Amino acid sequence: MEQRRVGVVGAGTMGNGIAHVFAKAGFAVLLCEVNEAAMERGLATIRTNLDREAAKGKVDPAEVPGIMARVQPVRSLVGLAGCELVVEAATERLAVKQEILSGLDEVLRPEAVIASNTSSISITKLAAGTKRPDKVIGMHFFNPVPVMALVEVIRGLQTSDETFARVREIALALGKTPVEVNDAAGFVSNRVLMPMINEAIFAVMEGVATAEAVDEVFRLGMAHPMGPLTLADFIGLDVCLDIMRVLEEGMGDPKYRPCPLLVRMVDAGWLGRKSGRGFYRHG
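Residues numbered from 1 in each chain as written. Predicted model: local features only at pLDDT ≥ 70, side-chain atom pairs only at ≥ 80, totals over all residues. Heavy atoms only, no water.

A few words on helix α4 (residues 94-107). In this model, α4 (14 residues) spans 20 Å end to end at C-alpha, consistent with the 20 Å of a helix rising 1.5 Å per residue. Inspection of α4 places Lys97, Ile100, Leu101, Leu104 and Asp105 among the buried residues, and these make up the whole buried set. Projected onto a plane normal to the axis of α4, the buried residues spread over an arc of 140° and lie on a single side. Every exposed residue of α4 that faces more than 90 degrees away from the buried side is listed here: Ala95, Glu99 and Glu106. Buried positions along α4 lie against β1 (5-9), β4 (85-88), β5 (113-116), α5 (123-128) and β6 (136-141). (Helix = DSSP H or I, 4+ residues; strand = E, 2+ residues; numbered from the N terminus. Expected span 1.5 Å × (residues − 1). Buried < 20%, exposed > 50% of the residue type's maximum accessible area, 1.4 Å probe, protein only. Arc of directions from axis to C-beta. Contact = heavy atoms within 4.5 Å.)

Glancing now at the packing of aromatic side chains. Evaluated as defined, the whole model comprises one aromatic pair. Judged by centre distance (5.1 Å) and plane angle (90°), the rings of Phe22 and Phe27 are edge-to-face. Summarising the burial analysis for this pair, Phe22 and Phe27 share the class buried. Here Arg155 stacks its cationic end above the ring of Phe164, 4.4 Å away from the centre of that ring. (Phe/Tyr/Trp six-rings, centres within 6.5 Å; stacked < 30°, edge-to-face > 60°. Lys NZ or Arg CZ within 6 Å of the ring centre and 35° of its normal.)

Turning our attention to the side chain of Ser119. You can see Ser119 is positioned in the loop between β5 and α5. Ser119 gets classed as buried once you look at its relative accessible area, which sits at 10%. Every residue in contact with Ser119, bar those within four places of it in the chain, is listed here: Glu92, His140, Gly186, Phe187, Asn190 and Ile243.

What the eight strands build is an open sheet, ordered β3-β2-β1-β4-β5-β6-β7-β8; its pairing is mixed. Of all the strands in the sheet, the pair left with one neighbour each is β3 (71-74) and β8 (177-182). Ignoring strand direction, the axes of neighbouring strands in this sheet form an average angle of 25°. Where β6 and strand β7 (residues 150-155) come together, four bridges link them in antiparallel fashion. Across the sheet, the residue bridging to Met139 is Val153, located in β7. Contacting β2 (28-32) and β3, helix α2 (residues 36-55) runs over the sheet at an angle of about 175° to β3. (Pairing = 2+ DSSP bridges. Axes fitted to C-alpha atoms, helices over the stretch in contact; angles between N-to-C directions.)

Note that every value here comes from positions in space, so none of it alone points to a role or purpose.
Spelled out as structure tokens, the structure:
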């Protein structure tokens, strides 16, 4: 039987994680990244995470080279032409995603599905910029992708039942749990999570409590594995800000206004773990 071929656009945190789980599940993966350094980091991260899984007994160490061999780097969208599915995992900006989906629409076969890993942007709006809106869908993985079981599968207004069924079947083949969600700003996860993080930031800005105290309340009082501000640093404060702005615009409700402290921290380049400083300092 011919090996199934999928593409992933973007070798960053989400992209390399998505490529990892597809390759581990036996798919041939074409990982598209135009930045050479980002590609090298992405491939190195996949190898590091596979080695970690092998050390924990979650994968046979003898299988690691074969899994890595199933991830092939490509430098342009044209290299993805033969894929049955391509998952876009670029930065959370509408214009960037629209440009990528338009390019994929031109090079992929008519029957191929385009999925976006967006965490908040309208699938309906993304699909409208293609000639195959019925084959565009949201496939929102969670970080870290190799660990987290959930995939939000988001139907745009135009997404066909056939496309949804195909993507649901693929998510199950990855060992993930697909949850059907209809298209709305932030979907379910970030519509609930990001306002909570934003309100926690307001509590710090207004002097209600320190970041450490806010996180301790959530860890000890609500049994969260990490507090909202630790989580914000992990996600990236710039990503949190982008999502809050999508929610504010999409809902038209001032309750989704980003906290001014969040805006200032992003302006300062304090983005969390990836920059070394957010609500906490990261070595």
